Amino acid sequence: MNSCWRDSKAWIEEGLPLSTGNNEACKLYDASLSQYVGWYDDPALGGLESSCKKLLASDPDFVMGKVLVYGLDLLGTGKSIRTDAKFKEDIEDLIALSEQTTLTNREKLHVEAINFWANGLMKKATNTWESILIDHPRDALALKMAHDTYFYLGQAVQIRDSVARVFPLWKKTSPLYGYLHGMYAFGLEETNFYEEAIKHARLGLEINRKDAWATHAYAHVMEMTGQQSKGIQFMMDTESDWNTCGMLACHNYWHLALYNFDLGNYETVLDIFDNEVGRRFKSGTLLDLVDASSLLYRLQLENVDVGDRWEQVYEIGKRHFGDNILVFNDAHLVMTAVGSNHHCDAETVLSSMKQLMNSFTHYCQSAVATKVGYNLCKAIVAFDSGKYEEAVDLIYPIRYMLEEIGGSHAQRDVFNLLLINAAMRSPNKTQIGRAHV
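Since the model is a prediction, treat every value here as computed from it, not as a measurement. All residue numbers refer to positions counted from 1 along the written sequence of the respective chain. Owing to the predicted nature of the model, reporting of local features is limited to residues with pLDDT of at least 70; listing and counting of side-chain atom pairs is limited to 80 or more, with chain, interface and lining totals taken over all residues. Each side-chain value is worked out from all heavy atoms of the structure, with water and hydrogens disregarded.

> Kindly report on the overall build of the protein chain, identifying the contributing residues and their values.
Numbering of helices and strands starts at the N terminus; helices are DSSP runs of H or I of at least 4 residues and strands are runs of E of at least 2. In terms of helices and strands, the protein chain carries 23 helices and 0 strands. Our radius of gyration looks at C-alpha atoms and nothing else; its globule reference is 2.2 Å times the residue count to the power 0.38. The C-alpha radius of gyration of the protein chain comes to 22 Å, within 12% of the 22 Å expected for a compact globule of 437 residues. Taking the principal axes of the C-alpha coordinates as reference, the protein chain spans close to 70 × 50 × 35 Å. Here's how the labels work: a residue is buried when its accessible area is under 20% of the maximum for its type, exposed when over 50%, partly exposed in between, all with a 1.4 Å probe on protein chains only. Within the protein chain, the proportion of its 437 residues that are buried is 59%. Any two residues whose heavy atoms approach within 4.5 Å at even a single point are treated as in contact. Partitioning the contacts of the protein chain with sequence separation of at least 6, the portion at a separation of at least 24 is 65%. Using a 1.4 Å probe, the Shrake-Rupley method yields the accessible areas, and only the shown protein chains count as cover for residues. For the protein chain, the exposed surface amounts to about 17,300 Å²; the carbon and sulfur share of it is 49%. In this count, Lys and Arg are taken as positive residues and Asp and Glu as negative ones, while His and the chain termini are left out. Charged side chains are reduced to one point each, which is NZ for Lys, CZ for Arg, CG for Asp and CD for Glu. The positive charge centre, built from 41 side chains, and the negative charge centre, built from 57, are 3 Å apart in the protein chain.

> How would you explain the packing of helix H12 (residues 212-224) against helix H13 (residues 228-237) if you had to name every residue and give the values?
For helices, the fitted line uses only the C-alpha atoms of the stretch in contact; every axis is such a line through C-alpha atoms, and the angle between N-to-C directions lies from 0 to 180 degrees. As a packed pair, H12 and H13 sit with axes 8 Å apart at the nearest point and diverge in direction by 160°. By the angle class used here, H12 and H13 are roughly antiparallel. For the pair H12 and H13, the crossing hand works out as left-handed. Along its contact with H12, which presents Thr215, Tyr218, Ala219, Met222 and Glu223, the element H13 presents Gln228, Lys230, Gly231, Phe234 and Met235. For this scheme, ten residues count as nonpolar: Ala, Val, Leu, Ile, Met, Phe, Trp, Tyr, Cys and Pro. Four count as charged, namely Asp, Glu, Lys and Arg, and the remainder, Gly too, count as polar. When the residues that make up the contact of H12 with H13 are grouped by side-chain class, the tally is 5 nonpolar, 3 polar and 2 charged. Put simply, angles under 35 degrees are roughly parallel, angles over 145 are roughly antiparallel, angles from 65 to 115 are roughly perpendicular, and the rest are oblique. Here a crossing is called left-handed whenever its near helix is offset anticlockwise from the far helix by less than a right angle, and right-handed whenever the offset is clockwise.

> Outline the nonpolar core, listing residues and values.
By size, the foremost hydrophobic cluster in this structure holds 154 residues, and its most contacted members are Tyr29, Leu33 and Trp129. At 12 residues, helix H21 (residues 364-384) tops the list of elements feeding residues into this core. Other than its neighbours up to four places away in sequence, Trp129 contacts His110, Ala113, Ile114, Trp117, Ala142, Met145, Ala146 and Thr149. Think of a nonpolar core as a cluster: buried Ala, Val, Leu, Ile, Met, Phe, Trp, Tyr and Cys residues, connected wherever their side-chain atoms sit within 4.5 Å.

> Describe the packing of aromatic side chains, listing the residues and the values that go with them.
Under the pairing criterion, centres of Phe, Tyr and Trp rings, with the six-membered ring standing for Trp, must be within 6.5 Å; the plane angle then separates stacked pairs below 30 degrees from edge-to-face pairs above 60, leaving the rest tilted. Throughout the structure, instances matching the rule amount to 17 aromatic pairs. Seen in terms of ring centroids, Phe151 and Phe186 are 5.9 Å apart; in terms of plane orientation they differ by 55°. Their pairing is tilted. Separated by 35 residues along the polypeptide, Phe151 in helix H8 (residues 140-153) and Phe186 in helix H10 (residues 179-190) bring together distant segments of the chain. Here Phe151 falls in the buried class, since its relative accessible area comes to 15%. Judged by centre distance (5.9 Å) and plane angle (85°), the rings of Phe167 and Tyr184 are edge-to-face. Of the two residues, Phe167 is situated in the loop between helix H9 (156-166) and H10 and Tyr184 in helix H10; the sequence distance between them amounts to 17 residues. Owing to a relative accessible area of 17%, Tyr184 belongs among the buried residues under this scheme. Three or more aromatic residues joined by ring pairs form one cluster here, namely Trp39, Trp117, Phe151, Tyr152, Phe186 and Trp213. Only Lys NZ and Arg CZ are tested; either one counts as a charge over a ring when it is within 6 Å of the ring centre and within 35 degrees of the ring normal. Across the ring face of Trp11, the terminal group of Arg6 is positioned such that the distance to the ring centre comes to 4.0 Å.

> Before we move on, can you summarise the packing of helix H15 (residues 246-262) against helix H16 (residues 266-280) with the specific residues and values?
One way to put it is that H15 packs onto H16 with a least axis distance of 9 Å and a crossing angle of 170°. Between H15 and H16, the crossing angle belongs to the class labelled roughly antiparallel. Of the residues in H16, those in contact with Ala249, Cys250, Tyr253, Trp254, Leu256, Ala257, Asn260 and Phe261 of H15 are Tyr266, Thr268, Val269, Ile272, Glu276, Val277 and Arg280. Grouping the constituent residues of the contact of H15 with H16 by class yields 11 nonpolar, 2 polar and 2 charged.

> Mind laying out the pattern of salt bridges, listing which residues take part and the relevant values?
Throughout this description, the term salt bridge denotes a Lys or Arg side-chain nitrogen within 4 Å of a carboxyl oxygen of Asp or Glu. Scanning the model with the defined rule gives 15 salt bridges in all. We note a salt bridge from Arg106 to Asp139, for which the minimum N-O separation is 2.8 Å. Of this pair, Arg106 sits in helix H6 (residues 105-118) while Asp139 sits in the loop between helix H7 (122-135) and H8, and the two are 33 residues apart along the sequence. Its relative accessible area of 2% is what places Asp139 among the buried residues. Linking Asp241 and Arg209 is a salt bridge whose minimum nitrogen-to-oxygen distance equals 2.1 Å.

This is the structure we're talking about:
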């Protein structure tokens with residue numbers, strides 16, 4: 001094990017003691033946490049997935065090891081305790097183990113946050129991580145888990161302020177310090193502080209030019225400020241720095257494709273899809289699947305022939321129809337279903353979403369589905385069926401609530417494009433004014 005990874009003594013000195021007597025587990029925890037925060041796979045460890053397996057094996061009773069690994073499973077949004085019996089058992093075992101083990105209050109709160117998230121109470125999970133950060137502002141796991149969950153909740157101000165609150169309390173020499181700049185930059189960008197966002201993205205990249213999240217924040221600023229050509233140049237110039245960060249490379253290529261889409265370079269978008277996004281989404285991760293469906297849907301709205309590419313996305317995504325873990329995912333799965341002409345699967349998403357709304361009313365995503373998500377997904381189906389007037393009527397009243405489904409401004413812009421296209425094609429010409437979103 002690399003000597004630079006923190007052992008038990010180092011974690012105690014950080015003020016973040018870990019309740020395990022196994023030094024190897026402590027180091028693997030650090031190695032896994034570092035790859036998660038940095039969005040990269042360390043080849044010396046076989047990558048993050050391999051590191052997590054080694055972490056669990058190193059000490060089967062290491063609560064924080066399970067917290068990290070199961071937390072990553074939750075954030076991956078590919079499994080839930082409603083749909084995966086084994087994962088439900090894992091979460092229950094974690095709760096039982098935490099009750100049988102002597103833990104610090106910080107560790108107990110981490111378990112509580114994971115339990116909240118697993119049971120659909122994402123906002124309670126973020127509140128719990130914030131409670132940890134009050135007393136332990138340098139707890140990178142609490143900070144990153146909160147950061148990513150705020151993203152899923154569409155809470156841009158919290159994405160920004162969660163980092164801003166603790167930033168002054170980190171030392172520049174602290175492990176993982178540099179990544180805070182990229183995280184803060186993203187929050188600044190999502191709340192329209194573009195100059196400050198660029199400043200912090202650059203600071204993060206000065207510390208580590210392979211910081212893919214800082215690159216990602218910079219890319220967002222270029223998109224939101226209409227600097228597509230500059231964005232293309234930046235992404236191409238730095239490609240070898242970020243394309244090795246496997247967990248985020250697909251999404252950063254999505255940004256490169258999006259610039260070209262904005263400029264009308266549709267053939268280039270298809271090339272990026274085929275050579276980069278298309279081969280990466282086959283990993284099966286939902287983030288990559290969303291990127292793939294989003295690109296194809298944008299192209300389809302512009303009447304670009306995408307060939308059989310929808311079927312490729314469908315084959316990867318079909319096992320997630322009916323998951324209803326995130327409304328954001330569901331909307332993109334409906335795009336995939338209608339795009340690939342599997343209309344019955346679009347209805348599966350809608351019917352399972354209805355069940356979530358009726359039977360799991362305490363879930364955060366149930367409330368989002370009720371307020372926004374269900375009608376949004378119905379609008380995608382209506383548009384595909386040529387019912388443009390109905391699509392407008394469904395989206396227009398919720399257009400300023402879409403942030404609640406999560407994702408970024410750039411990602412959600414596809415729904416603005418849907419509204420515009422529906423209004424322009426609607427036989428009800430009074431709706432054309434509604435295209436001015």
